[in-house]
Amino acid sequence: MWTEEAAATAEARESGIRNKSSSSSQIPVVGVVTEDNEAQGVFKPMDLNRVIKLLEETDKDGLEEKQLKFVKKLVQCFQNGLPLRDLAQIFKILNLCAGKIKNQPRFVESAYDIIKLCSLPFLKKKVSDEITYAEDTANSIALLGDLMKIPSSELRIQICKCIVDFYHAEPPKKHIPGYQQASSSYKIQMAEVGGLAKTMVQSITLLEHQLVEKLWVLKVLQHLSTSEGNCTIMMKAQAASGICTHLNDPDPSGQLLFRSSEILWNLLEKSSKEEVIQQLSNLECLLALKEVFTNLFMRGFSHYDRQLRNDILVITTIIAQNPEAPMIECGFTKDLILFATFNEVKSQNLLVKGLKLSNSYEDFELKKLLFNVIVILCKDLPTVQLLIDGKVILALFTYVKKPEKQKIMGWSAAQHEELQLHAIATLSSVAPLLIEEYMSCQGNARVLAFLEWCESEDPFFSHGNSFHGTGGRGNKFAQMRYSLRLLRAMVYLEDETVNTDLCEKGTIQQMIGIFKNIISKPNEKEEAIVLEIQSDILLILSGLCENHIQRKEISGTEGVDIVLHVMKTDPRKLQSGLGYNLLLFSTLDSIWCCILGCYPSEDYFLEREGIFLLLDVLALNQKKFCNLILGIMVEFCDNPKTAAHVNAWQGKKDQTAASLLIKLWRKEEKELGVKRDKNGKIIDTKKPLFTSFQEEHKIIPLPANCPSIAVMDVSENIRAKIYAILGKLDFENLPGLSAEDFVTLCIIHRYLDFKIQATHKQRELANKSWENFLARTSNAKTLKKAKRLQEKAIEASRYHKRPQNAVFHGTDIKGLNTTVPSGGVVTVESTPARLVGGPLADTDIALKKLPIRGGALQRVKAVEIVDAPKKSIPT
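Residues numbered from 1 in each chain as written. Predicted model: local features only at pLDDT ≥ 70, side-chain atom pairs only at ≥ 80, totals over all residues. Heavy atoms only, no water.

## A look at the overall build of the protein
In step 1: Within the protein, the regular secondary structure consists of 44 helices and five strands.
In step 2: Counting over 875 residues, the protein shows a buried share of 46%.
In step 3: Partitioning the intrachain contacts of the protein with sequence separation of at least 6 by distance along the chain shows that 75% fall at a separation of at least 24. (Helix = DSSP H or I, 4+ residues; strand = E, 2+ residues; numbered from the N terminus. Buried < 20%, exposed > 50% of the residue type's maximum accessible area, 1.4 Å probe, protein only. Contact = heavy atoms within 4.5 Å.)

## Examining the packing of helix 33 (residues 610–618) against helix 34 (residues 623–636)
In step 1: Running from N to C, helix 33 and helix 34 point in directions that differ by 150°, and their axes come no closer than 10 Å. Relative to helix 34, the element helix 33 is oriented roughly antiparallel. Relative to helix 34, the crossing made by helix 33 is left-handed. Contacts from Ile611, Leu614, Leu615, Val617 and Leu618 in helix 33 reach Cys626, Ile629, Leu630, Ile632, Met633 and Phe636 in helix 34.
In step 2: Looking at the contact of helix 33 with helix 34 residue by residue, the classes come out as eleven nonpolar, no polar and no charged. (Axes fitted to C-alpha atoms, helices over the stretch in contact; angles between N-to-C directions. Parallel < 35°, antiparallel > 145°, perpendicular 65-115°, else oblique. Left-handed = near helix turned anticlockwise from the far one by under 90°. Nonpolar A, V, L, I, M, F, W, Y, C, P; charged D, E, K, R; others polar.)

## Here's the deal with the packing of aromatic side chains
In step 1: For the structure shown, the criterion picks out 16 aromatic pairs.
In step 2: Between Phe371 and Tyr399, the aromatic rings sit 5.9 Å apart at their centres with planes inclined by 85°, giving edge-to-face as the arrangement. Here Phe371 is found in helix 20 (residues 361–377), whereas its partner Tyr399 is found in the loop between helix 22 (392–397) and helix 23 (413–430), with 28 residues between them in sequence. Of the two residues examined, Phe371 and Tyr399, each falls in the buried class.
In step 3: Here the aromatic residues Phe293, Phe297, Phe332, Phe339 and Phe342 are joined through ring pairs into a cluster of three or more.
In step 4: The side chain of Arg719 reaches across the aromatic face of Trp665, ending 6.0 Å from its centre. (Phe/Tyr/Trp six-rings, centres within 6.5 Å; stacked < 30°, edge-to-face > 60°. Lys NZ or Arg CZ within 6 Å of the ring centre and 35° of its normal.)

## Some points on the confidence of the model for the protein
In step 1: Here the protein shows a mean pLDDT of 84. Residues at 70 or above account for 81%.
In step 2: Below a pLDDT of 50 lies the segment residues 1–44, which in the model reaches 77 contacts outside its immediate sequence neighbourhood of four places, other chains included.
In step 3: Within the model, the stretch residues 843–875 combines pLDDT values under 50 with 20 contacts to residues more than four positions away or in other chains. (pLDDT = per-residue confidence, 0-100.)

## Structural notes on unusual backbone geometry
In step 1: Despite not being glycine, Asn621 has its phi angle at roughly 65°, a positive value.
In step 2: By the secondary structure assignment, Asn621 is in the loop between helix 33 and helix 34.
In step 3: Using a relative accessible area of 33% as the deciding quantity, one classes Asn621 as partly exposed.
In step 4: Within the chain, Asp654 stands out as a residue other than glycine whose phi angle is a positive 55°.
In step 5: Locating Asp654 in the fold gives a position in the loop between helix 35 (642–648) and helix 36 (657–672).
In step 6: Asp654 sits in the exposed class, given a relative accessible area of 56%.

## A closer look at the side chain of Ser601
In step 1: Within the fold, Ser601 resides in helix 32 (residues 599–607).
In step 2: For Ser601, a relative accessible area of 3% translates into the label buried.

## Overview of helix 15 (residues 255–270)
In step 1: Taking 1.5 Å of rise per residue, 16 residues should cover 22 Å, and helix 15 covers 22 Å from first to last C-alpha, within 8% of that figure.
In step 2: Where helix 15 is concerned, the buried positions are Leu256, Leu257, Arg259, Ser260, Ser261, Ile263, Leu264, Asn266, Leu267 and Leu268.
In step 3: Structurally, helix 15 contributes buried residues whose contacts are with helix 12 (211–224), helix 13 (228–236), helix 14 (239–244), helix 16 (273–280), helix 17 (283–299) and helix 18 (303–320). (Expected span 1.5 Å × (residues − 1).)

## So, empty space enclosed by the protein
In step 1: What the rule picks out here adds up to two cavities of 30 Å³ or more.
In step 2: There is about 50 Å³ of room inside the largest cavity.
In step 3: What lines the largest cavity is Ile204, Lys214, Leu218, Gly242, Ile243, His246, Leu256 and Ser260.
In step 4: Those elements that place two or more of their residues in the lining of the largest cavity are helix 12, helix 14 and helix 15.
In step 5: Among the residues forming the lining of the largest cavity, the class breakdown is four nonpolar, three polar and one charged. (1 Å grid on protein atoms, 1.4 Å probe; cavity = no way out; pocket = protein on both sides within 12 Å on 5 of 7 lines; lining within 4 Å. Points joined across faces, edges and corners; volume = space filled by probe spheres on them.)

## Description of the sheet that holds strand 2 (residues 122–124)
In step 1: Across the sheet, three strands lie side by side as 1-2-3; this open sheet has mixed pairing. Each of the sheet's edge strands pairs with one partner strand only, and the pair in question is strand 1 (82–83) and strand 3 (180–181).
In step 2: As judged from the two bridges shared by strand 2 and strand 3, these two strands associate in the antiparallel manner. Counterpart to Lys124 in the pairing with strand 3 is Gln180. (Pairing = 2+ DSSP bridges.)

## Focus: the packing of helix 3 (residues 48–56) against helix 4 (residues 63–77)
When two helices pack together, their arrangement is given by the angle between their axes and by how far apart the axes lie.
In step 1: In contact at an axis separation of 10 Å, helix 3 and helix 4 are set at 150° when each is read in the N-to-C sense. As judged from the angle between their axes, helix 3 and helix 4 are roughly antiparallel. Taken as a pair, helix 3 and helix 4 cross one another with a handedness that is left-handed. Contact with helix 3, carried on its side by Leu48, Arg50, Val51, Leu54 and Leu55, involves Leu63, Lys66, Gln67, Phe70, Val71 and Leu74 of helix 4 and no other residues of that element.
In step 2: Its residues assigned to classes, the contact of helix 3 with helix 4 comprises eight nonpolar, one polar and two charged.

## Some thoughts on the environment of Lys174
In step 1: Among the structural elements, Lys174 can be located in the loop between helix 9 (153–165) and strand 3.
In step 2: Separated by 93 residues in the primary sequence, Lys174 and Gly81 have C-alpha atoms spaced 9.1 Å apart.

## With respect to the pattern of salt bridges
In step 1: Enumeration over the complete set of coordinates arrives at 26 salt bridges.
In step 2: Of the charged contacts, one joins Arg572 and Asp570 as a salt bridge, the two residues approaching to 2.8 Å between their closest N and O atoms.
In step 3: By relative accessible area, Arg572 is classed as exposed at 69%.
In step 4: Judged by its relative accessible area of 28%, Asp570 falls in the partly exposed class.
In step 5: Linked by salt bridges that have partners in common, Glu64, Glu65 and Arg106 make up one network. (Salt bridge = Lys/Arg side-chain N within 4 Å of Asp/Glu carboxyl O.)

## As for helix 34
In step 1: Here helix 34 spans 20 Å end to end across 14 residues, near enough to the 20 Å set by a 1.5 Å rise per residue.
In step 2: Among the residues of helix 34, Phe625, Cys626, Ile629, Leu630, Gly631, Ile632, Met633, Val634 and Phe636 are the ones counted as buried.
In step 3: Along its buried surface, helix 34 packs onto helix 31 (580–595), helix 32, helix 33, helix 35, helix 36 and helix 39 (719–728).

## With respect to a positive patch on the surface
In step 1: Together, Arg50, Lys66, Lys69 and Lys73 give the surface a local cluster of positive charge.
In step 2: At three residues, the largest contribution of residues to the positive patch is made by helix 4.
In step 3: Mapping Lys73 onto the fold places it in helix 4. (Patch = residues over 30% accessible without salt bridge, like charges linked within 9 Å, V, L, I, M, F, W, Y side chains within 5 Å. Areas by Shrake-Rupley, 256 points an atom, 1.4 Å probe, with all protein chains shown as cover. Lys, Arg positive; Asp, Glu negative; His and termini not counted. Charge placed at Lys NZ, Arg CZ, Asp CG, Glu CD.)

## What to know about the state of the cysteines
What we call a disulfide is simply a covalent bond connecting the sulfur atoms of a pair of cysteines.
In step 1: The tally for this structure, following the rule as stated, stands at zero disulfides.
In step 2: Cys594 provides the cysteine sulfur closest to Cys545, a residue in no disulfide bond, and the two sulfurs are 4.0 Å apart.
In step 3: Free of any disulfide, Cys593 has its nearest neighbouring cysteine sulfur in Cys594, separated by 6.1 Å.
In step 4: Judged by relative accessible area, Cys593 falls into the buried class, the value being 4%. (Disulfide = S-S within 2.5 Å.)

## Concerning the environment of Leu564
In step 1: Structurally, Leu564 can be placed in helix 30 (residues 549–567).
In step 2: The exposure class of Leu564 is buried, given its relative accessible area of 2%.
In step 3: Spatially, the C-alpha atoms of Leu564 and Thr587 are 8.7 Å apart, while their sequence positions differ by 23 residues.
In step 4: When sequence neighbours within four positions are dropped, the list of residues in contact with Leu564 reads Phe605, Arg608, Gly610 and Leu613.

## As for a nonpolar patch on the surface
In step 1: A contiguous nonpolar surface patch, about 310 Å² in accessible area, is contributed by Trp770, Phe773 and Leu774.
In step 2: As for its placement among the helices and strands, Trp770 is situated in helix 42 (residues 757–778).

Below, the structure written as structure tokens:
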């Protein structure tokens, strides 16, 4: 309710912000345009300060009539606009009128008329007036929000209308000589500067049961929320949660839900998304959203209702990204899963009984949004059981089959294709969480059968209109792409049941066949999609064959052939950005997983000059491939046939493999900052392999479960691998080396010796320490000498400048014959319990006597103390 205290507060606020405009020594005047002088533009002076003074007076006869008369005259004066220079005083008058409403209701009309004037243009006399009076204008407009506290419906509605008119500015009805209209966005800017949005958000709490006023306030907030500044102010005023909790308020017009959802959208887009999500992530808001969505889903049949339903679902999806949102607790997750699957899996739930989605655009978008929200929800592990209960895997697999001629579930061919791709993409996220359900639905068999159709020559004209259908217009690449993604996700779970089932169904041979079929029909138009498909096939083969010799044998020579095909790719394509780099990484991974360890495949790889191709890629000098290729070559060198192939390779300018490896060594040391002279010789013989990184970081303490710097050095840089390869070649009879190469080769040869060198030094120090200890214990002179050195070192370490009046406590133990320094921990042995009686004994020892049998001390009945012992007293 509007009180006199509130009016006084607003009045004080106004008086504090009009210093600039009221500091003029002249009395501000406004022009009163009369009928006689209207054409000539002559202004009749009017003293605004007199009006203010009159409104401040009280307790006079006939005062109210006089005040109302002057306010009415004032309103007539400003029918064509409000000058910026007089705005602060006009709003001062408005504030005074508002303060009188409680005791003098007739002032409601006066306040109403002045507020109505605010819809008119603001007028400036000078160009600089917009800047000069910016503060006065901002605070005056902010007062409109404060006036929403007045319990007058017509006044509140007029305030809202006035603010809405800011966004629909009209030119002045008549031109006033000497004045120009302020810029069309000036009022909007000043409303943002003055923080009007905050007071309008707060006014919602005053309108719990006033529907009309509430709808007007929401309309105002809808306009205000079009700017980022206002959205930030509204967000800080908790607008998101305040509006969301009232979504279900009764409203026959439907405006409340529409305007509220629009405001929530703007807040999410134009302010801190994380903060808005946090405001909406509570049980009350989610229950409101759930009820609204369910009502619209079940009873919304108009185009408008369906659009609004989809908007609410998108907002819900955004909130669901917050793992702290109680989606499960409010039951929203369960309902969304039901709505997503009821078309594919029959349900007896009353919420969906008799419901059916049409092929309208809104229902089609709804289906895709529901698939998308499942992907979001499955990231929260407690959702897994609800996904199982809702039979989500079974519902999604209804789309993983070749399309039929007739319409499926009412969808058109283009709609069904898009839903099919979306369902397979959803399975890639959901199926890895539900392995048992995936297997019970014969997931592997379904996907492999679908891939077989993708590879077939069956006539099929895909539309490729959607995001998931990119690159799939007129072909089946999109279907193949997402099916392979699904298989890759399942294979890389490393679940032996899934992988064994795949191998038993001939997946390895099928993948190789698909790869060969693709490379036999080049498609430059969709090259990026084709490269992704090839990469996924190779990764699937790697996942299946890794650590399984039998599966590597199944891959056999055909698997080697597709690897060699990729290795022969023109190196210039690696810079194309189409995906050749990823394909090469996948190929190197498949060499490691599908060929190495299987001797027939290794021999075939060598026979087909596979080592030559590896060295060709290595010679490209691309660091991202070097480590992996060298690791592969280390493993290949275990095969006795490899050395001859390595030595026989020649690159550009007759470069040999040994020369290439030594060149890579030097490049690596240069990047690591290892010190070498111009001829490649060792500079620091004490630290021949020490890098600049090790020198800068010195010793870094690491947890026990983390590998040490030395171990990381061996695994991350390529020197250890180059040493291993050259070691397999015996470091001898290496062709094509220069003098500098031989110097570097000597360093490489001693790499292992230099790398445990620190261990040898530590052992030497330990042996020397032991010898010194033996000398001290067996020779008295050596012991005394060591003692003197120890005392000298202790004395040198002491602080000699003692403060005055300080008490010195000696720490030396006289007569101590030891040279082992004492530590910071002292072990004290307690008096045996048999002597003191244990912790339960009485502490008055002077009056106790130990019992013969031991145990806790016992109090004696009587003790007599005499000067000299006469005889023992029996106890």
